[in-house]
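# Overview (structure and organization)
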Amino acid sequence: MASSHGSSPARHGGRDGIYHKERDPSPRRCRPVRLLPDVCPKEPTGESEGRGLCAGPSVVAEHDRWTVYSSKVNLPAALNDPRLAKRESDFFTKTWGLDFAETEVMPPFYLPSISREHFGAYLQDTAQRERIHERCKTICPSKDAVDAVSSMSTNHEQSRAELEQVPKIFMKPDFALEDPGTFNGVLPWSHFSSAGGRAGRDAASSRLLQEKLSHYLDVVEVSIARQISLRSDAFFHAMSSQHELQDRLQETQRAVAVLRRRTAAIDRVVCEGPLRALGTALTRSNCVKLHNKLKLMAAVHQTQPTVQLLLATAEFVGALELIGTTKEVLQQELQGVHSFRHLGSQLCELEKLIDKMMVEDFSVYARSDLDRSLREEPQVLEKERLESLVFGLLRQRKLDFVDIYGDEMMAAARGVVAQCVAESVLHMEELDTEVVTKLADQMRVMTLPEWFRLLQNIFESFLLFLQRIKATLNVIRSVVLEVLASNQNQQLLEEAGSGPSAEAPPGLSLSQGEAELAYLTHEGLFISDALNEAQQRVLAQDPGPVVGSRTQSGGNAVPSEPELNRVIAGLQDLLHSASDVSHDRCVKVLSSRAKDGSLERLSSSEFVSLSQAVESFVRDTEDLCGRRSVSLKGALQSQANRFVHRFHEERKTKLSLLLDNERWKQADVPTEFQDLVDAIADGKLTLPERRIPGPDDRKPAEFLLVDGHRHAVIGTVLLLIRIFLEYCQCVNDIPSIATDMLTRLSDLLKHFNSRSCQLVLGAGALQVVGLKTITTKNLALASRCLQLVVHYVPIIRAHFETKLQPKQFSALRHFDHITKDYNDHIAEIAAKLVAIMDGLFEKVVSKYEVKAPMPSACFRNVCKQMMKMHEAISELLPEEQTQMLFLRINGGFKIHLKRQLSRLGVINDGGPQHGLVVVDVAFYTENVQALRSLERLDLNMVEIWEQKR
């Protein structure tokens, strides 16, 4: 395996990736560079041995040519992993330079392009012989291949058989002779004994064991040698790469030595002199800084007297800015100065004292502002003082001043009601304030007009109270927005000045120190003037340091943008809280009056006035504060529910009394009710104003005209129309109770339907009123009244639909149920009328006999009853309903007559009996059709006859 610098480089081998020595000297096209193979690949088996490793040296197959003893490099060096970065490219870059790269060789232009078509004639001539040749190669492989494969297989099987002779204990990865179990397994000394005549046999056994272990060692060494021989090409390639690496390292060492010599010369010639000049400039700069530091110390020494002077003039913001700047200078510029070791703590105590002063001053201001008179005074008290206090509190991050104002606002809101009640009590001579001390008791003693004026006064006072709070909060909000805008501008200036300030020359610190010095030694009372002067002076010299100076002096003292946004949100919440507190106090005023139930006894107009006043106050506060408070609205809704309950119970009781006293006779219609119905037809569901009766009033009419149709009604129905108009009028005045009113009105209509059914169909009027009997006229009148109510149900539904929210439309289903119940009741009354006549026909027709004289008494009696029935209902029911009712009555009469004729055996055969029946039927038809509105009634009597036998 010895190699030298002149040895030829290894060439690319076969397809299996293993490198072999060059055998074919013919030139070949350059292939892409591959990585080095593993110097210790897995043990080849089968096909891979015969294909890729048959050309390598082998201690078994080529015993005479090469052995392991021919190697001149020890085994550890040969087994070293030669794979390193760019191992294969070292040869080419060493010879042709670092810029060497493999490229594709362009085909020559002077050679023609040869394609498969040029070999077409030749392939056709040799195709038959080629197929025969390929078939023979498949059937009979070549002798060399067979020998190689058989030799490789034989060697592999022999090697495997030899290795299997070695015990498995030597092959374990944790093999260690130090282990007693392993040692006894390898050397069974327990079988050897030095006693008696067995010594010779034990010695033979030990020699046999030594020979066996030597044999195992030989087998393993031979196997290792065989593996080394199979990998000889990789060993040669690794050794050549090691020599190339040594050459590269020597060249690199020489280049590093040259570079170090040149670097030392550059340092000696170029750097030493300029560094001395820079050191001198730095010394001068340090002297200038020291001088500025001494001037700054002189200015800081005058901080406390200046702060006392500013506090004497209530300039809190200027004093705080001066303290903050001085503390920042002490922490940055004068840190560690022994003479100022106590000044920092003194300034902190002074700053805390200023904080307490500002908080106390703000509390006094808020209390005096909210407790003063609400009328004839400006909305904002001492605006400049408020702005100064807010600026100072923001400067110190005392953001809880919003909570302080909120607490004062709560206390002031409680005093608004007490002040209004006290003003109202002064005008009441009969009220003794020494006896009645509580506000609630004083309000309950007032009459309703006095209490209502008090409530309106409270509403007006709270509106003025909220306007004052809003004006004050707007001033505070403007100050916060100004600070927020200043912060944003400051950030923009910092971003704009960060570039130049980062690359500024060393002289910049001098300008900055002078600006701070001017800021601290300004003789005026206001720090803002000093800041403007310093900024203008420094800006004239260099605009870059101004930004840095402003940032260092006050950048950290102002609250951050999120904190300011929270303050603005807190101000808005405070305004909302003021609205809620005002509504809560008004709720207590309502609750104190409603304890004795006086609000429930209000009339409709009085409750409407109260509701309108509350609605107006809620609307005004919502426009003023941007928040819709629900407490007062909820209290009004609760009171409205009680009002609706009492309103409904009164009218339901009134309707029940009217029904219990109703005799179910047709009543005259006064002109005011006819005008009411006409107004409903015009779309006005409101109660007209009461008129004083005059001599020109019309007389009451017999019928009620509704859309051109006459309605015979009872007095209770007329009052029912007025009652449901009262419901509609109440909904117009108080839209918030539309849902409750709808439910109560539906209950009222259901009560009228059920109670009238009990009194008429159920004959309850016989016991309640003392009627002798329920006549057909009573039934027809009840039916017509129900039809009138059904006519107005859709109108009422449409009116309520305009007052409801879309999500409340489901409540309108009550009207559908009412319409169905009324129609069912009307149908039951019609069926009752038919049943009355049907019972009469059954009684009369059962006695019918077909004999002279004609017309018979039976038919005369039937016609008489039909005329009475028509006379009773024709004036009450419309013509169409009368015709439909008599058609049903005629159908029942035909059924009974047919049954009687069938019982008597009279058929349609043209005989004497048939003739007599025809005469009676003609008499019946003539009399019925002679009635009014029944002239065109079809009374077909053919169905009364049985089929001819």
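Calculation notes
- Residues numbered from 1 in each chain as written.
- Predicted model: local features only at pLDDT ≥ 70, side-chain atom pairs only at ≥ 80, totals over all residues.
- Heavy atoms only, no water.
- Helix = DSSP H or I, 4+ residues; strand = E, 2+ residues; numbered from the N terminus.
- Buried < 20%, exposed > 50% of the residue type's maximum accessible area, 1.4 Å probe, protein only.
- Contact = heavy atoms within 4.5 Å.
- Areas by Shrake-Rupley, 256 points an atom, 1.4 Å probe, with all protein chains shown as cover.
- Expected span 1.5 Å × (residues − 1).
- Bend = angle between axes of the 7 residues up to and from the residue.
- Phe/Tyr/Trp six-rings, centres within 6.5 Å; stacked < 30°, edge-to-face > 60°.
- Core = buried A, V, L, I, M, F, W, Y, C linked by side-chain atoms within 4.5 Å.
- Salt bridge = Lys/Arg side-chain N within 4 Å of Asp/Glu carboxyl O.
- pLDDT = per-residue confidence, 0-100.
- Axes fitted to C-alpha atoms, helices over the stretch in contact; angles between N-to-C directions.
- Parallel < 35°, antiparallel > 145°, perpendicular 65-115°, else oblique.
- Left-handed = near helix turned anticlockwise from the far one by under 90°.
- Polar contact = N/O pair within 3.5 Å; in protein donor to acceptor, adjacent residues only side chain to side chain.
- Patch = residues over 30% accessible without salt bridge, like charges linked within 9 Å, V, L, I, M, F, W, Y side chains within 5 Å.
- Disulfide = S-S within 2.5 Å.

### A look at the overall build of the chain
Within the chain, the regular secondary structure consists of 30 helices and 2 strands. Every one of the 949 residues in the chain was classed for burial, and the buried ones make up 38%. A fraction of 78% describes how many contacts in the chain between residues 6 or more apart in sequence connect residues 24 or more apart. Accessible area of the chain: about 55300 Å², with a carbon and sulfur share of 55%.

### Describing helix α26 (residues 776–803)
The end-to-end C-alpha separation of α26 is 41 Å, in line with the 40 Å expected for 28 residues at 1.5 Å each. Maximum bend of α26: about 25°, positioned at V793, with proline P794 one to four residues after it.

### What to know about the packing of aromatic side chains
The final tally for this structure, using the stated rule, is 15 aromatic pairs. Ring geometry for F841 versus F893: centroids 5.2 Å apart, planes at 65°, classification edge-to-face. Here F893 lies in helix α29 (residues 879–904) and F841 lies in helix α27 (residues 813–845), a separation of 52 residues in the sequence. Overall, the relative accessible area of 1% leaves F893 in the buried class.

### Describing the nonpolar core
One finds F362, F465, F800 and L897 to be the most contacted residues of the largest nonpolar core, which totals 188 residues. Looking at this core, the element that brings in the most residues is helix α15 (residues 448–502), giving 18 residues. Beyond its immediate chain neighbours, meaning those up to four positions away, F800 contacts C728, V731, A738, M741, L742, L745, L812 and F815.

### Quick notes on the pattern of salt bridges
Per the stated rule, a full pass over the model turns up 12 salt bridges. A salt bridge links R651 to E650; the shortest N-O distance between them is 3.6 Å. With relative accessibility at 14%, the residue R651 sits in the buried group. Salt bridges sharing partners connect three or more residues here, namely R646, E650, R651 and E726.

### Some remarks on the environment of V789
Following the sequence through the fold, V789 ends up in helix α26. With 36 residues separating them in the primary sequence, V789 and N753 have C-alpha atoms 9.5 Å apart. With residues near it in sequence (within four places) discarded, V789 still touches L720, L749, F752 and Y822.

### Considerations on the confidence of the model for the chain
Any region with low pLDDT has predicted coordinates that should not be read closely. Looking at the chain, the pLDDT average stands at 76 and 75% of residues meet or exceed 70. The model gives residues 84–88 a pLDDT under 50, and that stretch makes 12 contacts with residues more than four places away or in other chains.

### Quick word on the packing of helix α10 (residues 316–332) against helix α11 (residues 343–371)
Close contact between α10 and α11 brings their axes to 10 Å; oriented N to C, the two are set at 155°. As summarised for this structure, α10 and α11 are arranged roughly antiparallel, according to the angle between their axes. For the pair α10 and α11, the sense of crossing is left-handed. Along its contact with α10, which presents F316, A319, L320, I323, T326, K327 and L330, the element α11 presents L343, G344, L347, C348, L350, E351, I354, D355, M357, M358 and D361.

### Brief notes about the side chain of S656
Its place among the elements puts S656 in helix α21 (residues 631–660). Of the polar contacts made by the side chain of S656, one reaches the side chain of H751; its length is 2.6 Å.

### Looking at unusual backbone geometry
Residue P853 follows A852 across a cis peptide bond; omega there is -5°. Summarising the element assignment, P853 is placed in the loop between α27 and α28 (857–873). Residues other than glycine seldom take positive phi values, yet W664 does so here, at roughly 55°. Among the secondary structure elements, W664 is positioned in the loop between α21 and α22 (671–681). Of note, A763 is a non-glycine position whose phi angle comes to about 60°, a positive value. Taking the relative accessible area as the measure of exposure, A763 reaches 23% and is therefore partly exposed.

### Let's talk about a nonpolar patch on the surface
Together, F175, L177 and F183 make up a nonpolar patch on the protein surface, roughly 230 Å² of accessible area in all. Structurally, the position occupied by F183 is in helix α6 (residues 180–186).

### Points about the state of the cysteines
Here a disulfide denotes a covalent bond joining the sulfur atom of one cysteine to the sulfur atom of another. Enumeration according to the criterion identifies 0 disulfides in this entry. Free cysteine: C858, not disulfide-bonded; nearest cysteine sulfur from C863 at 9.4 Å. Residue C858 is classed as buried on the basis of its relative accessible area of 10%.

### Things to note about the packing of α10 against helix α12 (residues 383–395)
Geometrically, a packed helix pair is captured by the angle between its two axes and the distance between the axes. Look at α10 against α12: their axes get within 8 Å of each other, and the N-to-C directions meet at 20°. The angle between the axes of α10 and α12 places the two elements in the roughly parallel class. Like other packed secondary-structure pairs, α10 and α12 cross with a definite hand, here left-handed. Contacts between α10 and α12 involve F316, V317, L320, E321 and G324 from the former and S388, L389, F391, G392 and R395 from the latter.

### Examining the environment of Q396
Relative to the helices and strands, Q396 is located in the loop between α12 and α13 (401–426). Q396 gets classed as buried once you look at its relative accessible area, which sits at 12%. Sequence spacing of Q396 and K352 is 44 residues, and the spatial spacing of their C-alpha atoms is 9.5 Å. For Q396, the residues in contact, after removing those within four places along its chain, are L320, E351, D355 and M358.

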